[in-house]
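# Reading the structure
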Amino acid sequence: MIFYLIGVALSAQFAVLFAGSNTYWNYRHQADIFTIYGQLLARGFTTKNIHLYAYDDIATVKENPFQGQVFHSVDHKINVYPGSDAVDFKGKDVNSQAFYDAVSKLPTSSDDYVFIYYDDHGGYGTLGTPDMFDEILVDKLAESFDKAAESKLYKQCLFMIEACYSGSVGENITAPNLAIITAANDDESSYAAIYDEEIGAYLSNEFTNYFISYIDEQPEATIGELFLYLKENTENSHACYFGDESMQSLSISTFIGKPKRILTKPVRKADLKAVTPREATEKTLKFLSEHSSPSVRARAKLQMLRLKALTERLETVLDMLVKYVDPKNCDKIKNDRSSKISQTYLEVFSIFREKFGEINPDDFGKFNVLVSLAATHSKEEIIDGISAVVF
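Residues numbered from 1 in each chain as written. Predicted model: local features only at pLDDT ≥ 70, side-chain atom pairs only at ≥ 80, totals over all residues. Heavy atoms only, no water.

Across its full length, the protein chain holds 15 helices and eleven strands. Taking 21 Å as the expected radius of gyration for a compact globule of 391 residues, we find that the protein chain reaches 21 Å, a close match to that expectation. If one aligns the C-alpha atoms of the protein chain with their principal axes, the spans along those axes are about 65 × 55 × 35 Å. A buried classification covers 58% of the 391 residues belonging to the protein chain. Long-range contacts, defined here as pairs at least 24 residues apart, represent 76% of the contacts in the protein chain between residues at least 6 apart. Accessible surface computed for the protein chain: about 16400 Å², of which carbon and sulfur atoms make up 52%. Separation of charge centres in the protein chain, based on 39 positive and 55 negative side chains, amounts to 4 Å. (Helix = DSSP H or I, 4+ residues; strand = E, 2+ residues; numbered from the N terminus. Rg over C-alpha atoms; globule rule 2.2 N^0.38 Å. Buried < 20%, exposed > 50% of the residue type's maximum accessible area, 1.4 Å probe, protein only. Contact = heavy atoms within 4.5 Å. Areas by Shrake-Rupley, 256 points an atom, 1.4 Å probe, with all protein chains shown as cover. Lys, Arg positive; Asp, Glu negative; His and termini not counted. Charge placed at Lys NZ, Arg CZ, Asp CG, Glu CD.)

Here's what the structure looks like:
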(Lines give C-alpha, C1' and ligand atoms only; values in the text may rest on other atoms or scores of the structure.)
Protein backbone atom coordinates (compact mmCIF):
# COMPACT_ATOMS: atom_id res chain seq x y z
CA MET A 1 0.00 0.00 0.00
CA ILE A 2 2.86 2.40 0.82
CA PHE A 3 4.47 1.80 -2.58
CA TYR A 4 1.09 2.30 -4.29
CA LEU A 5 0.57 5.67 -2.58
CA ILE A 6 4.07 6.78 -3.52
CA GLY A 7 3.35 5.78 -7.14
CA VAL A 8 0.12 7.75 -7.25
CA ALA A 9 1.85 10.77 -5.78
CA LEU A 10 4.46 10.69 -8.54
CA SER A 11 1.86 10.22 -11.28
CA ALA A 12 0.20 13.01 -13.22
CA GLN A 13 -3.37 13.23 -14.46
CA PHE A 14 -4.30 14.26 -17.99
CA ALA A 15 -7.70 14.66 -19.65
CA VAL A 16 -9.08 14.78 -23.18
CA LEU A 17 -12.58 16.26 -23.42
CA PHE A 18 -14.21 15.97 -26.85
CA ALA A 19 -17.54 17.59 -27.75
CA GLY A 20 -18.24 16.06 -31.14
CA SER A 21 -21.04 18.26 -32.49
CA ASN A 22 -21.89 21.78 -33.54
CA THR A 23 -25.14 23.76 -34.07
CA TYR A 24 -27.50 25.11 -31.45
CA TRP A 25 -29.85 22.11 -31.44
CA ASN A 26 -26.92 20.00 -30.21
CA TYR A 27 -26.36 22.45 -27.31
CA ARG A 28 -26.15 19.63 -24.74
CA HIS A 29 -22.92 18.10 -26.03
CA GLN A 30 -20.78 21.20 -25.54
CA ALA A 31 -22.66 22.06 -22.32
CA ASP A 32 -21.75 18.63 -20.91
CA ILE A 33 -18.10 18.92 -21.87
CA PHE A 34 -17.72 22.49 -20.61
CA THR A 35 -19.25 21.39 -17.29
CA ILE A 36 -16.78 18.50 -16.95
CA TYR A 37 -13.95 20.89 -17.88
CA GLY A 38 -14.93 23.16 -14.99
CA GLN A 39 -15.12 20.21 -12.61
CA LEU A 40 -11.61 19.07 -13.51
CA LEU A 41 -10.22 22.56 -12.89
CA ALA A 42 -11.96 22.56 -9.51
CA ARG A 43 -10.23 19.25 -8.75
CA GLY A 44 -6.73 20.59 -9.25
CA PHE A 45 -6.22 20.11 -12.99
CA THR A 46 -4.46 22.91 -14.80
CA THR A 47 -5.37 24.03 -18.30
CA LYS A 48 -2.12 22.42 -19.50
CA ASN A 49 -3.36 19.04 -18.27
CA ILE A 50 -6.58 19.19 -20.28
CA HIS A 51 -7.05 19.14 -24.03
CA LEU A 52 -10.47 20.62 -24.75
CA TYR A 53 -12.10 19.95 -28.13
CA ALA A 54 -15.27 21.87 -29.01
CA TYR A 55 -16.58 23.50 -32.16
CA ASP A 56 -17.24 26.55 -29.95
CA ASP A 57 -20.27 27.93 -31.74
CA ILE A 58 -23.19 27.85 -29.28
CA ALA A 59 -22.14 30.60 -26.85
CA THR A 60 -22.32 33.47 -29.31
CA VAL A 61 -24.83 32.45 -31.99
CA LYS A 62 -27.91 34.62 -32.38
CA GLU A 63 -30.13 31.75 -31.25
CA ASN A 64 -28.62 31.90 -27.74
CA PRO A 65 -30.62 34.26 -25.47
CA PHE A 66 -27.69 34.35 -23.01
CA GLN A 67 -24.92 35.70 -25.20
CA GLY A 68 -21.46 34.49 -24.24
CA GLN A 69 -22.85 32.01 -21.76
CA VAL A 70 -23.65 28.28 -21.71
CA PHE A 71 -25.70 26.64 -18.98
CA HIS A 72 -26.07 23.11 -17.70
CA SER A 73 -29.01 23.71 -15.36
CA VAL A 74 -32.30 25.54 -15.84
CA ASP A 75 -31.66 27.94 -12.94
CA HIS A 76 -28.95 29.62 -15.06
CA LYS A 77 -26.80 30.25 -11.97
CA ILE A 78 -23.52 28.87 -13.28
CA ASN A 79 -22.14 29.81 -16.67
CA VAL A 80 -20.11 26.74 -17.67
CA TYR A 81 -18.62 28.33 -20.80
CA PRO A 82 -14.87 28.64 -20.14
CA GLY A 83 -14.36 31.19 -22.90
CA SER A 84 -13.06 30.72 -26.41
CA ASP A 85 -9.42 31.00 -25.31
CA ALA A 86 -9.81 27.90 -23.15
CA VAL A 87 -10.79 25.74 -26.13
CA ASP A 88 -7.62 24.14 -27.45
CA PHE A 89 -9.12 22.73 -30.66
CA LYS A 90 -12.15 24.36 -32.26
CA GLY A 91 -14.06 24.64 -35.52
CA LYS A 92 -12.76 22.39 -38.28
CA ASP A 93 -9.93 21.20 -36.04
CA VAL A 94 -12.50 19.05 -34.22
CA ASN A 95 -12.52 16.03 -36.53
CA SER A 96 -11.90 12.30 -36.61
CA GLN A 97 -8.16 12.55 -37.19
CA ALA A 98 -7.89 14.98 -34.30
CA PHE A 99 -9.47 12.41 -31.99
CA TYR A 100 -7.20 9.60 -33.22
CA ASP A 101 -4.22 11.88 -32.62
CA ALA A 102 -5.54 12.92 -29.20
CA VAL A 103 -5.28 9.28 -28.14
CA SER A 104 -2.18 8.07 -29.99
CA LYS A 105 -0.11 11.20 -29.37
CA LEU A 106 -0.91 11.93 -25.74
CA PRO A 107 1.68 14.25 -24.12
CA THR A 108 1.99 11.83 -21.22
CA SER A 109 4.15 9.03 -19.82
CA SER A 110 3.79 5.50 -18.49
CA ASP A 111 3.30 6.88 -14.97
CA ASP A 112 0.25 8.98 -15.84
CA TYR A 113 -3.48 8.44 -15.49
CA VAL A 114 -5.56 9.55 -18.47
CA PHE A 115 -9.26 10.45 -18.50
CA ILE A 116 -11.11 10.78 -21.82
CA TYR A 117 -14.72 11.92 -22.22
CA TYR A 118 -16.46 11.86 -25.60
CA ASP A 119 -19.93 13.43 -26.01
CA ASP A 120 -21.94 13.44 -29.27
CA HIS A 121 -24.01 11.30 -31.63
CA GLY A 122 -22.88 7.77 -32.40
CA GLY A 123 -23.70 4.85 -34.66
CA TYR A 124 -22.67 1.26 -35.25
CA GLY A 125 -18.93 1.31 -34.67
CA THR A 126 -18.83 5.07 -35.29
CA LEU A 127 -18.74 8.32 -33.34
CA GLY A 128 -19.73 11.66 -34.81
CA THR A 129 -17.79 14.86 -35.34
CA PRO A 130 -19.06 18.38 -36.14
CA ASP A 131 -18.47 17.63 -39.84
CA MET A 132 -21.50 15.73 -41.16
CA PHE A 133 -19.22 14.15 -43.78
CA ASP A 134 -16.81 12.73 -41.18
CA GLU A 135 -17.04 10.05 -38.47
CA ILE A 136 -14.63 8.45 -36.03
CA LEU A 137 -14.36 4.74 -36.95
CA VAL A 138 -13.84 2.17 -34.22
CA ASP A 139 -11.10 0.22 -36.04
CA LYS A 140 -8.97 3.36 -36.37
CA LEU A 141 -9.79 4.42 -32.82
CA ALA A 142 -8.84 0.96 -31.52
CA GLU A 143 -5.56 1.27 -33.43
CA SER A 144 -4.94 4.64 -31.75
CA PHE A 145 -5.39 3.09 -28.30
CA ASP A 146 -3.12 0.21 -29.28
CA LYS A 147 -0.44 2.72 -30.32
CA ALA A 148 -0.83 4.59 -27.03
CA ALA A 149 -0.44 1.34 -25.10
CA GLU A 150 2.60 0.26 -27.14
CA SER A 151 4.20 3.65 -26.58
CA LYS A 152 3.33 3.47 -22.86
CA LEU A 153 1.54 6.82 -22.88
CA TYR A 154 -0.40 6.05 -19.73
CA LYS A 155 -0.42 3.82 -16.72
CA GLN A 156 -4.17 3.39 -16.97
CA CYS A 157 -6.92 5.15 -18.91
CA LEU A 158 -10.63 5.70 -18.23
CA PHE A 159 -12.65 6.36 -21.41
CA MET A 160 -16.27 7.52 -21.07
CA ILE A 161 -18.50 7.55 -24.18
CA GLU A 162 -21.78 9.46 -24.26
CA ALA A 163 -23.28 8.44 -27.61
CA CYS A 164 -25.95 6.28 -29.18
CA TYR A 165 -24.81 2.70 -29.97
CA SER A 166 -21.63 3.41 -27.99
CA GLY A 167 -21.43 -0.19 -26.81
CA SER A 168 -20.49 -1.15 -30.37
CA VAL A 169 -17.44 1.07 -29.99
CA GLY A 170 -16.50 -0.01 -26.49
CA GLU A 171 -16.65 -3.73 -27.22
CA ASN A 172 -14.24 -3.41 -30.14
CA ILE A 173 -11.40 -1.62 -28.34
CA THR A 174 -9.13 -4.09 -26.55
CA ALA A 175 -6.00 -2.17 -25.57
CA PRO A 176 -4.60 -3.07 -22.12
CA ASN A 177 -4.92 -0.92 -19.00
CA LEU A 178 -8.07 0.65 -20.40
CA ALA A 179 -11.57 0.83 -18.92
CA ILE A 180 -14.48 2.01 -21.07
CA ILE A 181 -17.93 2.99 -19.81
CA THR A 182 -20.59 3.68 -22.44
CA ALA A 183 -23.96 5.38 -22.21
CA ALA A 184 -25.68 2.72 -24.31
CA ASN A 185 -25.25 -0.82 -25.54
CA ASP A 186 -24.47 -1.74 -29.16
CA ASP A 187 -28.04 -1.38 -30.47
CA GLU A 188 -29.79 1.56 -28.80
CA SER A 189 -29.82 5.32 -28.46
CA SER A 190 -28.60 7.29 -25.51
CA TYR A 191 -31.02 10.03 -24.46
CA ALA A 192 -31.03 13.81 -24.22
CA ALA A 193 -32.25 15.27 -20.91
CA ILE A 194 -33.22 18.50 -19.12
CA TYR A 195 -35.08 20.74 -21.55
CA ASP A 196 -34.71 24.48 -20.93
CA GLU A 197 -37.83 26.41 -21.93
CA GLU A 198 -35.95 29.70 -22.11
CA ILE A 199 -32.91 28.45 -24.02
CA GLY A 200 -35.04 26.18 -26.20
CA ALA A 201 -32.60 23.27 -26.10
CA TYR A 202 -31.65 20.25 -24.02
CA LEU A 203 -28.86 21.05 -21.60
CA SER A 204 -27.46 17.59 -21.00
CA ASN A 205 -27.77 13.87 -21.65
CA GLU A 206 -29.28 11.40 -19.19
CA PHE A 207 -26.12 9.32 -18.71
CA THR A 208 -23.74 12.28 -18.52
CA ASN A 209 -25.99 14.21 -16.18
CA TYR A 210 -25.85 11.32 -13.73
CA PHE A 211 -22.08 11.05 -14.16
CA ILE A 212 -21.53 14.74 -13.45
CA SER A 213 -23.71 14.70 -10.34
CA TYR A 214 -22.25 11.46 -8.96
CA ILE A 215 -18.58 12.41 -9.14
CA ASP A 216 -19.33 15.44 -6.97
CA GLU A 217 -21.54 13.56 -4.52
CA GLN A 218 -19.25 10.52 -4.20
CA PRO A 219 -15.64 11.67 -4.77
CA GLU A 220 -14.22 8.62 -2.98
CA ALA A 221 -16.22 6.10 -5.03
CA THR A 222 -14.53 3.48 -7.18
CA ILE A 223 -14.93 3.12 -10.93
CA GLY A 224 -16.95 -0.01 -10.26
CA GLU A 225 -19.31 1.91 -7.97
CA LEU A 226 -19.61 4.67 -10.57
CA PHE A 227 -20.50 2.14 -13.25
CA LEU A 228 -23.05 0.42 -11.03
CA TYR A 229 -24.69 3.78 -10.25
CA LEU A 230 -24.85 4.72 -13.94
CA LYS A 231 -26.17 1.27 -14.87
CA GLU A 232 -28.93 1.41 -12.26
CA ASN A 233 -29.98 5.02 -12.78
CA THR A 234 -29.73 5.54 -16.54
CA GLU A 235 -33.23 4.34 -17.36
CA ASN A 236 -33.59 4.85 -21.12
CA SER A 237 -30.40 3.10 -22.22
CA HIS A 238 -28.08 0.46 -20.83
CA ALA A 239 -24.72 1.68 -19.55
CA CYS A 240 -21.99 -0.86 -20.32
CA TYR A 241 -18.47 -1.57 -19.05
CA PHE A 242 -15.66 -2.87 -21.25
CA GLY A 243 -11.97 -3.50 -20.81
CA ASP A 244 -9.81 -4.00 -17.74
CA GLU A 245 -12.03 -5.41 -14.97
CA SER A 246 -9.34 -4.83 -12.33
CA MET A 247 -9.70 -1.08 -12.80
CA GLN A 248 -13.16 -1.19 -11.21
CA SER A 249 -11.44 -1.22 -7.81
CA LEU A 250 -9.64 2.08 -8.48
CA SER A 251 -10.98 5.33 -7.07
CA ILE A 252 -12.49 7.77 -9.56
CA SER A 253 -10.21 10.39 -8.04
CA THR A 254 -7.21 8.50 -9.44
CA PHE A 255 -8.23 9.88 -12.84
CA ILE A 256 -10.08 13.12 -12.10
CA GLY A 257 -8.89 14.23 -8.66
CA LYS A 258 -10.99 15.19 -5.66
CA PRO A 259 -13.32 18.21 -5.66
CA LYS A 260 -12.36 21.22 -3.58
CA ARG A 261 -15.93 22.43 -3.82
CA ILE A 262 -19.22 20.95 -4.99
CA LEU A 263 -20.25 22.37 -8.35
CA THR A 264 -23.46 20.46 -9.07
CA LYS A 265 -26.75 19.72 -7.34
CA PRO A 266 -28.12 16.19 -6.86
CA VAL A 267 -30.04 14.88 -9.87
CA ARG A 268 -33.82 14.67 -9.58
CA LYS A 269 -35.22 12.10 -11.97
CA ALA A 270 -38.38 14.15 -12.40
CA ASP A 271 -36.28 16.96 -13.93
CA LEU A 272 -34.64 14.80 -16.60
CA LYS A 273 -37.56 13.94 -18.93
CA ALA A 274 -35.26 12.16 -21.35
CA VAL A 275 -35.98 12.02 -25.09
CA THR A 276 -34.29 10.53 -28.14
CA PRO A 277 -31.71 12.64 -29.99
CA ARG A 278 -34.13 13.05 -32.91
CA GLU A 279 -36.85 14.35 -30.59
CA ALA A 280 -34.34 16.76 -29.05
CA THR A 281 -33.34 18.09 -32.48
CA GLU A 282 -36.95 18.52 -33.58
CA LYS A 283 -38.01 20.25 -30.35
CA THR A 284 -35.20 22.81 -30.55
CA LEU A 285 -35.79 23.54 -34.24
CA LYS A 286 -39.53 23.92 -33.56
CA PHE A 287 -38.67 26.40 -30.79
CA LEU A 288 -36.35 28.35 -33.08
CA SER A 289 -38.91 28.38 -35.89
CA GLU A 290 -41.05 30.59 -33.62
CA HIS A 291 -38.17 32.88 -32.59
CA SER A 292 -38.63 36.66 -32.52
CA SER A 293 -35.84 37.10 -35.07
CA PRO A 294 -36.90 36.57 -38.70
CA SER A 295 -33.43 35.32 -39.65
CA VAL A 296 -33.41 32.74 -36.83
CA ARG A 297 -36.90 31.57 -37.80
CA ALA A 298 -35.86 31.23 -41.43
CA ARG A 299 -32.69 29.28 -40.60
CA ALA A 300 -34.60 26.90 -38.35
CA LYS A 301 -37.28 26.20 -40.94
CA LEU A 302 -34.70 25.59 -43.65
CA GLN A 303 -32.76 23.30 -41.34
CA MET A 304 -35.90 21.30 -40.57
CA LEU A 305 -36.46 20.80 -44.30
CA ARG A 306 -32.81 19.93 -44.90
CA LEU A 307 -32.65 17.29 -42.17
CA LYS A 308 -35.93 15.78 -43.34
CA ALA A 309 -34.60 15.58 -46.90
CA LEU A 310 -31.36 13.95 -45.71
CA THR A 311 -33.33 11.34 -43.78
CA GLU A 312 -35.64 10.55 -46.68
CA ARG A 313 -32.72 10.23 -49.11
CA LEU A 314 -30.82 7.88 -46.78
CA GLU A 315 -33.86 5.69 -46.18
CA THR A 316 -34.51 5.46 -49.92
CA VAL A 317 -30.92 4.64 -50.82
CA LEU A 318 -30.52 2.00 -48.10
CA ASP A 319 -33.77 0.38 -49.18
CA MET A 320 -32.55 0.31 -52.78
CA LEU A 321 -29.20 -1.12 -51.67
CA VAL A 322 -30.77 -4.05 -49.81
CA LYS A 323 -33.10 -4.83 -52.70
CA TYR A 324 -30.16 -4.75 -55.11
CA VAL A 325 -27.84 -6.98 -53.05
CA ASP A 326 -30.37 -9.44 -51.62
CA PRO A 327 -33.97 -8.91 -52.81
CA LYS A 328 -35.15 -12.28 -51.45
CA ASN A 329 -34.19 -11.41 -47.86
CA CYS A 330 -34.96 -7.70 -47.90
CA ASP A 331 -37.26 -7.60 -44.86
CA LYS A 332 -35.02 -9.92 -42.85
CA ILE A 333 -31.97 -7.76 -43.46
CA LYS A 334 -33.74 -4.49 -42.68
CA ASN A 335 -35.11 -5.89 -39.40
CA ASP A 336 -31.90 -7.62 -38.29
CA ARG A 337 -30.62 -6.26 -34.98
CA SER A 338 -28.42 -9.18 -33.95
CA SER A 339 -25.49 -8.97 -36.39
CA LYS A 340 -22.24 -7.56 -35.00
CA ILE A 341 -20.07 -5.00 -36.73
CA SER A 342 -17.18 -6.41 -38.74
CA GLN A 343 -14.21 -5.14 -40.69
CA THR A 344 -16.24 -5.63 -43.87
CA TYR A 345 -18.95 -3.38 -42.44
CA LEU A 346 -16.47 -0.65 -41.52
CA GLU A 347 -14.91 -0.76 -44.98
CA VAL A 348 -18.22 -0.61 -46.87
CA PHE A 349 -19.51 2.05 -44.48
CA SER A 350 -16.54 4.25 -45.41
CA ILE A 351 -17.16 3.69 -49.11
CA PHE A 352 -20.86 4.41 -48.70
CA ARG A 353 -20.12 7.63 -46.76
CA GLU A 354 -17.69 8.88 -49.40
CA LYS A 355 -20.18 8.33 -52.22
CA PHE A 356 -23.37 9.33 -50.37
CA GLY A 357 -22.18 12.52 -48.69
CA GLU A 358 -23.83 14.36 -45.81
CA ILE A 359 -25.79 12.34 -43.24
CA ASN A 360 -28.12 13.54 -40.50
CA PRO A 361 -26.46 12.33 -37.24
CA ASP A 362 -29.90 11.34 -35.94
CA ASP A 363 -29.94 8.69 -38.69
CA PHE A 364 -26.83 6.75 -37.65
CA GLY A 365 -29.06 3.97 -36.31
CA LYS A 366 -30.31 3.20 -39.80
CA PHE A 367 -26.97 1.62 -40.67
CA ASN A 368 -28.03 -1.67 -39.07
CA VAL A 369 -28.81 -2.49 -42.72
CA LEU A 370 -25.11 -2.28 -43.65
CA VAL A 371 -24.13 -4.24 -40.56
CA SER A 372 -26.52 -7.03 -41.59
CA LEU A 373 -25.42 -7.03 -45.23
CA ALA A 374 -21.77 -7.21 -44.20
CA ALA A 375 -22.53 -10.24 -42.03
CA THR A 376 -24.05 -12.20 -44.91
CA HIS A 377 -22.49 -10.89 -48.13
CA SER A 378 -19.03 -10.21 -49.50
CA LYS A 379 -17.50 -6.77 -49.59
CA GLU A 380 -17.47 -6.90 -53.38
CA GLU A 381 -21.22 -7.57 -53.57
CA ILE A 382 -22.03 -4.65 -51.29
CA ILE A 383 -19.64 -2.26 -53.05
CA ASP A 384 -21.24 -3.21 -56.36
CA GLY A 385 -24.62 -2.40 -54.85
CA ILE A 386 -23.42 0.93 -53.52
CA SER A 387 -22.08 1.89 -56.96
CA ALA A 388 -25.43 0.99 -58.50
CA VAL A 389 -27.73 2.93 -56.14
CA VAL A 390 -25.71 5.89 -54.84
CA PHE A 391 -25.47 8.70 -57.33
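Still more ground to cover, so stick around.
Contact geometry for helix H13 (residues 343-356) and helix H15 (residues 379-389): axes closest at 10 Å, N-to-C directions at 15°. Relative to H15, the element H13 is oriented roughly parallel. Remark: the crossing between H13 and H15 carries right-handed chirality. Contacts between H13 and H15 involve Thr344, Glu347, Val348, Ile351, Phe352 and Lys355 from the first element and Lys379, Ile382, Ile383, Ile386 and Ser387 from the second. (Axes fitted to C-alpha atoms, helices over the stretch in contact; angles between N-to-C directions. Parallel < 35°, antiparallel > 145°, perpendicular 65-115°, else oblique. Left-handed = near helix turned anticlockwise from the far one by under 90°.)

For the pair helix H11 (residues 294-325) and helix H14 (residues 368-376), interaxial distance at closest approach is 10 Å and the crossing angle is 15°. Comparing the axis directions of H11 and H14 gives the class roughly parallel. Of the two elements, H11 crosses H14, and the hand of that crossing is left-handed. Residues Leu318, Leu321, Val322 and Val325 of H11 touch H14, and the partners they reach there are Val369, Leu370 and Leu373. Classifying every residue of the contact of H11 with H14 gives seven nonpolar, no polar and no charged. (Nonpolar A, V, L, I, M, F, W, Y, C, P; charged D, E, K, R; others polar.)

Moving on to the sheet that holds strand E4 (residues 122-123). Across the sheet, three strands lie side by side as E4-E5-E6; this open sheet has antiparallel pairing. Each of the sheet's edge strands pairs with one partner strand only, and the pair in question is E4 and strand E6 (135-137). Both strand E5 (residues 126-128) and E6 contribute to a ladder of three bridges, which runs antiparallel. Pairing of Leu127 across the sheet is with Ile136, part of E6. (Pairing = 2+ DSSP bridges.)

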